[in-house]
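Listed here are the chains, written in short residue letters.
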Amino acid sequence: MTIPEKISAYFDRLVSEGRLRPGDRLPKYTDIGEQFKIPYASVQRAFKAMEQSGKIKIVNGVGSFLNGGDTLDVDFYLTGTTFPIREFQKISDEISEKNDLHLRIHVLNKPREIRTNVSGHKVVIAESDSWIKMDGCMMDYSAFPDFHDVMEQFTTFHGENSNLQLPFFKFSYQAAVNLTILREIGMDRTIHEVSSMNWWKELAVRCRSKGYSPADLSIDHASIWFFPIFQLSVILALYRNPDVSLLFKAPFYATETGRRIFEMSRDMGKCPLSEPAFLQGKTALSLDTCSWFPVQCTSRFGADPEEFRILPVRAGDGRRIMHLSEAFLKTFANPSITQNEKERVWKFLKILLSKKYQKKLTAFSGIISPRKDMRPADYSWNTREDFMNFFPEKDALIYNSAILTKEKTAVLAVLFEHYERFGADPDAVCRWMDEKLYV
C-alpha cells in the first residue's frame, strides 16, 4: 500500500468510527508525518493526491478539510399523486442528515416539462418511466465501483441505457369489483376472477337495469397518448393465446377477439381520466386497479376500501396476467460537479433504495419495490387476502404499457376515437388499426 493510500485509509477509518466528519479540519502535515514516520514532503504529496481525487480540500494558509462539508442543492422531481411530497421530503432530509451527506434536497411535484439543464453544481434527480425521454448531462452510475453489486439487489427491469437509470418502483395492476353494486344487481357471488369474461353480458344487462355501468372507458380527449381499450385488449387476447410476445401483432383487431372488444366497449360508460367512476361508486368493474388502491383510495377519492374486492386477471391457461408500470431515477448534473459531490448523491440514492427506506416508501404510496429481498409481508398495506393479487406469481404473464410504442398508442387512440365519437364503421376501424400495427 502506498503512502497516500495508507493516509487515505486512515481517514476512512476515522470517518467510520465517527471521529471525523465531512467538513472537519484534518491533522497538520507534521502530525501525520510523526504518526506515520514519513518526511514532511511525502505527507504533502499524499495530501495533494487526495485533493486531486476529491477526497479533501486544501485551503492555503488555513488548513486541509475532509470534503463533503459544503452544502449541495439537489432538486428531486416526483409525481405528487404517487408520493406525498411532504412525507418524501422528511425521508430525504433524514437520509442526508443521518449520513452527513450535506445535501439540501428540494422535493418538487413533477411538472409536465422538467428542467434538466443544470448550472453551477446543481443536481436534478427525476422520476422517469420508459415513455419519458429527458435530455441533459446524465450521471453514469456505472462509474461507481459498487454499481453492479447494487444492481444485483433488484429484479431485472426494462429500458435502454440502464447505467443511466436506477430502478425506483413499480405499480402493479389487477381487476376489482364494487361489492355494493354487485349485491344490488344480484351478482355478488358470480365474479371471482377476470379471464374469459363470459359473465359480461349478464353484468351489462343487470347494471343497466339499475342505472350503473358494467365498466367505464376512461376517455381523455385532451391527450392522444391514452388508448382506452388497451387493458380490455390485453385480457381478451391473452385468454385466447397466453403468449405476451404476440400481443398487438396484426391481425389483432380484425378478428373475433377484436369484434368482441368493440362490442364490449359499446356497453361501457364513458368518463374522463380525472374522474374515476369506479371509485365514485358508479361502475361495477374496473379492469386496471392500481396497487396504490389499499393506501390511497380513501385519501385521494374518499372511497371505502371495504366496498371493493381485488380480482385476479388470468389467461386461458390459468396463469396470472400482471400489468406492471416501472419508474426509474435519472440524475442530471453539471459537468463541473466534483467527485465527492457525485459520491454523496450516489450514497443518497443507494440508501433511498435500501430495504429499510423502500419499506417506508411502500407504506405511504402503495408502490411495489423492485428489490429482490422484498416479500409481500414487508408491505404494511398488504392486510387482506385479495391484496395478494397485486404481487406477481412465479409463472405470471408480465407486461407493461410500453409493449405498444408511444407513436402506435397515439394512432390507435385516434382511430378508436373515430369510432367512439364520430360513429365510424367498427369493421373499417379494426382494419385500419391492424394496418398501423403492421408498421
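Note that this is a predicted model, so its numbers are computed, not measured.

### A short note on the side chain of T82
Thought 1: Position of T82 among the secondary structure elements: in the loop between β3 (72–78) and α4 (85–98).
Thought 2: When near neighbours in sequence (up to four residues on either side) are disregarded, T82 contacts F169, F171, Q296, S365 and I367.

### Thoughts on the pattern of salt bridges
Thought 1: One pass over the full model with this rule turns up 28 salt bridges.
Thought 2: One salt bridge in this structure joins D70 and K57, with 2.9 Å as the shortest N-O distance. Here the residue D70 occupies a position in the loop between β2 (63–66) and β3, and K57 occupies one in strand β1 (residues 56–59), the gap between them amounting to 13 residues.
Thought 3: You can call D70 partly exposed: its relative accessible area is 44%.
Thought 4: Accessibility expressed as a relative area gives 32% for K57, which makes it partly exposed.
Thought 5: Here E306 and R384 are joined by a salt bridge, their closest N and O atoms 3.6 Å apart. With E306 in the loop between α10 (293–301) and β10 (308–311) and R384 in the loop between α12 (355–363) and β12 (397–399), this pair connects stretches of sequence that are 78 residues apart.
Thought 6: Where salt bridges share partners, they join E193, R314, R320 and E393 into one cluster.

### So, the packing of α4 against α12
Thought 1: Direction vectors running N to C along α4 and α12 enclose 165°, while the axes themselves pass 11 Å from each other. Taken together, the axes of α4 and α12 lie roughly antiparallel to each other. Like other packed secondary-structure pairs, α4 and α12 cross with a definite hand, here right-handed. Contacts from F88, I91, E94 and I95 of α4 reach α12 at Y357, K360 and L361.

### Brief notes about the pairing of strand β8 (residues 269–272)
Thought 1: Alternating positions in β8 separate cleanly, G269 and C271 being buried on one face and K270 and P272 remaining unburied on the opposite face.
Thought 2: Two elements, strand β7 (residues 216–219) and β8, share 4 bridges in a ladder whose sense is parallel. Bridge assignment links I219 to a residue of β8, and that residue is P272.

Here is what the cut-offs are and how they apply
- Each residue is numbered by its place in its chain's sequence as written, counting from 1.
- With pLDDT at 70 or above as the cut-off, local features in this predicted model cover only qualifying residues; side-chain atom pairs require 80 or more to be listed or tallied, and sums for whole chains, interfaces and linings still use all residues.
- Note: side-chain values were computed over all heavy atoms of the structure, leaving out hydrogens and water.
- Strands here mean DSSP runs of E at least two residues long; helices mean DSSP runs of H or I at least four residues long; both are numbered from the N terminus.
- Whether two residues are in contact is decided by their heavy atoms: any pair within 4.5 Å suffices.
- Whenever a carboxyl oxygen of Asp or Glu lies within 4 Å of a side-chain nitrogen of Lys or Arg, that contact is scored as a salt bridge.
- Accessible area is worked out with a 1.4 Å probe on protein chains only. A residue is then buried under 20% of its type maximum, exposed over 50%, and partly exposed in between.
- For helices, the fitted axis covers only the stretch in contact; all axes are lines through C-alpha atoms, and the angles between them, taken along N-to-C directions, range from 0 to 180 degrees.
- Each angle is binned into one of four classes, with values under 35 degrees roughly parallel, values over 145 roughly antiparallel, values of 65 to 115 roughly perpendicular, and all other values oblique.
- In this scheme the crossing of two helices becomes right-handed for a clockwise turn of the near helix relative to the far one and left-handed for an anticlockwise turn of less than a right angle.
- Pairing between two strands is assigned when DSSP locates at least 2 bridges connecting them.

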